[in-house]
Amino acid sequence: MNKDHHLNLLGHAWVLWKENKTLELMDECLKDTFVESEVKRCIHVGLLCVQNFSEDRPMMSSVLFMLGNDGAILPEPKEPGFFVGRGSPLERSATSPTPISERNTITITDLEAR
């Protein structure tokens, strides 16, 4: 993995997934305490749960099925929707002064059940 990239945890997990190195997410002190296939399955399902579009994310009943059945076929995850790296506009907005034109604004998110 490129040590020069500046990603959040999800971005780091995504890069390791694409490089087929997901086990690098595990703390090395745990190396003899887990079942490799179970860790990979959990990471795979986790990446499915953070897909950019809600219709691509599995329902909770599907998540439970995927985690509880080794034989379940899992779809390939797409790039996560919450992929924020250091230096991104989202992170910069928290550290740099906000221009006057962007002050006093509000964003409302209306959540709807699937």
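Residues numbered from 1 in each chain as written. Predicted model: local features only at pLDDT ≥ 70, side-chain atom pairs only at ≥ 80, totals over all residues. Heavy atoms only, no water.

## Side note on the overall build of the chain
Part 1 of the reasoning: The secondary structure content of the chain amounts to 4 helices and 0 strands.
Part 2 of the reasoning: Helices (α) and strands (β) of the chain occur, in sequence order from the N terminus, as α-α-α-α.
Part 3 of the reasoning: Out of the 114 residues in the chain, the part that is buried amounts to 24%.
Part 4 of the reasoning: Taking contacts inside the chain between residues at least 6 apart in sequence as the whole, the part at least 24 apart equals 59%.
Part 5 of the reasoning: A total of about 8,800 Å² of accessible surface is found on the chain, and carbon and sulfur atoms cover 55% of it. (Helix = DSSP H or I, 4+ residues; strand = E, 2+ residues; numbered from the N terminus. Buried < 20%, exposed > 50% of the residue type's maximum accessible area, 1.4 Å probe, protein only. Contact = heavy atoms within 4.5 Å. Areas by Shrake-Rupley, 256 points an atom, 1.4 Å probe, with all protein chains shown as cover.)

## Here's the deal with the side chain of His44
Part 1 of the reasoning: Tracing the backbone shows His44 in helix α2 (residues 36–48).
Part 2 of the reasoning: At 2.7 Å, the side chain of His44 and the backbone oxygen of Pro75 are in polar contact.
Part 3 of the reasoning: The contacts of His44, once residues within four sequence positions are left out, are Trp17, Leu74, Pro75, Glu76 and Pro77. (Polar contact = N/O pair within 3.5 Å; in protein donor to acceptor, adjacent residues only side chain to side chain.)

## What to know about unusual backbone geometry
Part 1 of the reasoning: Despite not being glycine, Asn20 has its phi angle at roughly 55°, a positive value.
Part 2 of the reasoning: Along the chain, Asn20 falls in the loop between α1 (9–18) and α2.

## Quick notes on the nonpolar core
Part 1 of the reasoning: Leu10, Trp14, Trp17, Val39, Ile43, Leu47 and Val50 together form the largest nonpolar core, which totals 7 residues.
Part 2 of the reasoning: Those elements that provide at least two residues to this core are α1 and α2.
Part 3 of the reasoning: Ranked by size, the runner-up nonpolar core spans 5 residues in total, among them Val45, Val63, Met66 and Leu74. (Core = buried A, V, L, I, M, F, W, Y, C linked by side-chain atoms within 4.5 Å.)

## As for the pattern of salt bridges
Here the idea is simple: oppositely charged side chains can pair when their charged atoms come close.
Part 1 of the reasoning: Summed over all chains, the structure comprises 3 salt bridges.
Part 2 of the reasoning: Lys40 is the partner of Glu36 in a salt bridge, and the nearest nitrogen-oxygen pair spans 3.0 Å. Taken together, the positions of Glu36 and Lys40, both in helix α2 and 4 residues apart, correspond to about one turn of that helix.
Part 3 of the reasoning: Since its relative accessible area comes to 41%, Glu36 is described here as partly exposed.
Part 4 of the reasoning: For Lys40, a relative accessible area of 34% corresponds to the partly exposed category. (Salt bridge = Lys/Arg side-chain N within 4 Å of Asp/Glu carboxyl O.)

## Some thoughts on α1
Every α-helical turn comprises 3.6 residues, leaving residues that sit three or four positions apart pointing alike.
Part 1 of the reasoning: Of all the 10 residues making up α1, 8 are buried; the element is thus mostly covered by neighbouring parts of the structure.
Part 2 of the reasoning: Among the residues of α1, those classed as buried are Leu10, Gly11, His12, Ala13, Trp14, Val15, Leu16 and Trp17.
Part 3 of the reasoning: At its buried positions, α1 is contacted by α2.
Part 4 of the reasoning: Two residues or fewer after α1 comes Asn20, characterised by a positive phi angle close to 55°.

## Here we look at the packing of α2 against helix α3 (residues 60–68)
Part 1 of the reasoning: Two elements in contact, α2 and α3, have axes whose closest approach is 10 Å; the angle formed by their N-to-C orientations is 165°. Between α2 and α3, the angle falls in the class roughly antiparallel. For the crossing formed where α2 meets α3, the hand is right-handed. Residue-level contacts link Arg41, Cys42, Val45 and Leu48 of α2 to Val63, Met66 and Leu67 of α3. (Axes fitted to C-alpha atoms, helices over the stretch in contact; angles between N-to-C directions. Parallel < 35°, antiparallel > 145°, perpendicular 65-115°, else oblique. Left-handed = near helix turned anticlockwise from the far one by under 90°.)

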